[in-house]
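Structural overview
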Amino acid sequence: MAGRSGIRGRILKFIALTADEIIVAVVLLAVLPAVGIDVPLPITGLILGVLLIKDILIAPYVLGGGLEKKPSTGAEALIGREARVIEDLTPRGIVKLDGELWRAECVNGIAKAGERVRVVEVEGTKLTVERPAR
């Protein structure tokens, strides 16, 4: 089911991405001629070509999930990362993540020094962590 919603989302993004070409084509090829304004075909082709090139350049970012990608910096980037327990989490203690010490609270039991825990939330300078399922 998740696969279908992902495909549906990409199709909707593609339609949104190409909406400007569709609207401009309708205006240039149907609306303007209906009111007596004829735009030469080479001009119409040039305008639509520029719009298509723009879409080709940004499509990989939009359709490739650029807007939904996980942050690579900031507090949100820490979620899901593993830290090593330095001071027993009973449930509060100290963990080390990327060489930095953090106050932490374990939400699912006690974690002993040396164990690995996973970051589930960041609140200021405190990490909320959980022990991995075994």
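Residues numbered from 1 in each chain as written. Predicted model: local features only at pLDDT ≥ 70, side-chain atom pairs only at ≥ 80, totals over all residues. Heavy atoms only, no water.

With 15 residues, the main nonpolar core has Leu89, Val95, Val117, Leu127 and Val129 as its most contacted residues. Mapped by element, the contributors of at least two residues to this core are strand S1 (82-87), strand S2 (92-97), strand S3 (100-106), strand S4 (116-123) and strand S5 (126-130). Excluding residues that lie within four positions of it along the chain, valine 95 makes contacts with Ala83, Arg84, Val85, Ile86, Leu89, Glu100, Leu101, Trp102, Ala104, Val117 and Leu127. (Core = buried A, V, L, I, M, F, W, Y, C linked by side-chain atoms within 4.5 Å. Buried < 20%, exposed > 50% of the residue type's maximum accessible area, 1.4 Å probe, protein only. Helix = DSSP H or I, 4+ residues; strand = E, 2+ residues; numbered from the N terminus. Contact = heavy atoms within 4.5 Å.)

The next point concerns the pairing of S2. Burial along S2 is one-sided: the face carrying Gly93, Val95 and Leu97 is buried and the face carrying Arg92, Ile94 and Lys96 is not. Inspection of the sheet shows S1 paired to S2 by three bridges, in the antiparallel sense. The residue bridging valine 85 from the neighbouring strand is valine 95, located in S2. Counting the residues that bridge the hairpin from S1 to S2 gives four residues. Sheet topology places S2 next to S3; six bridges connect them, and they run antiparallel. Its bridge partner being in S3, leucine 97 is matched across the sheet by glutamate 100. (Pairing = 2+ DSSP bridges.)

Ordered by their spatial adjacency, five strands build a closed barrel running S1-S2-S3-S5-S4, and the pairing between neighbours is mixed. Neighbour-to-neighbour, the strand axes of the sheet open up by a mean angle of 55 degrees, direction not taken into account. (Axes fitted to C-alpha atoms, helices over the stretch in contact; angles between N-to-C directions.)

What follows concerns unusual backbone geometry. In the segment running from threonine 90 into proline 91, the intervening peptide bond is cis, with an omega of -5 degrees. Assignment of secondary structure puts proline 91 in the loop between S1 and S2. The phi dihedral of aspartate 98 falls on the positive side, at around 55 degrees, and the residue is not glycine. The topology assignment puts aspartate 98 in the loop between S2 and S3. For aspartate 98, a relative accessible area of 56% translates into the label exposed.

Moving on to the side chain of lysine 126. Mapped onto the secondary structure, lysine 126 falls in strand S5. Here glutamate 105 takes part through its side chain, which lies 3.2 Å from a polar atom of the side chain of lysine 126. In this view, lysine 126 contacts Arg103, Ala104, Glu105 and Glu121; residues no more than four positions away in its chain are not counted. (Polar contact = N/O pair within 3.5 Å; in protein donor to acceptor, adjacent residues only side chain to side chain.)

This part takes up the environment of glutamate 87. Mapped onto the elements of the fold, glutamate 87 is located in strand S1. A residue is classified by how much of its surface remains accessible, and glutamate 87, at 44% relative accessible area, is partly exposed. The spacing of glutamate 87 and glycine 114 is 27 residues in sequence and 8.5 Å in space, taken between C-alpha atoms. With near-sequence residues (within four places) excluded, glutamate 87 lies in contact with Gly93 and Ile94.

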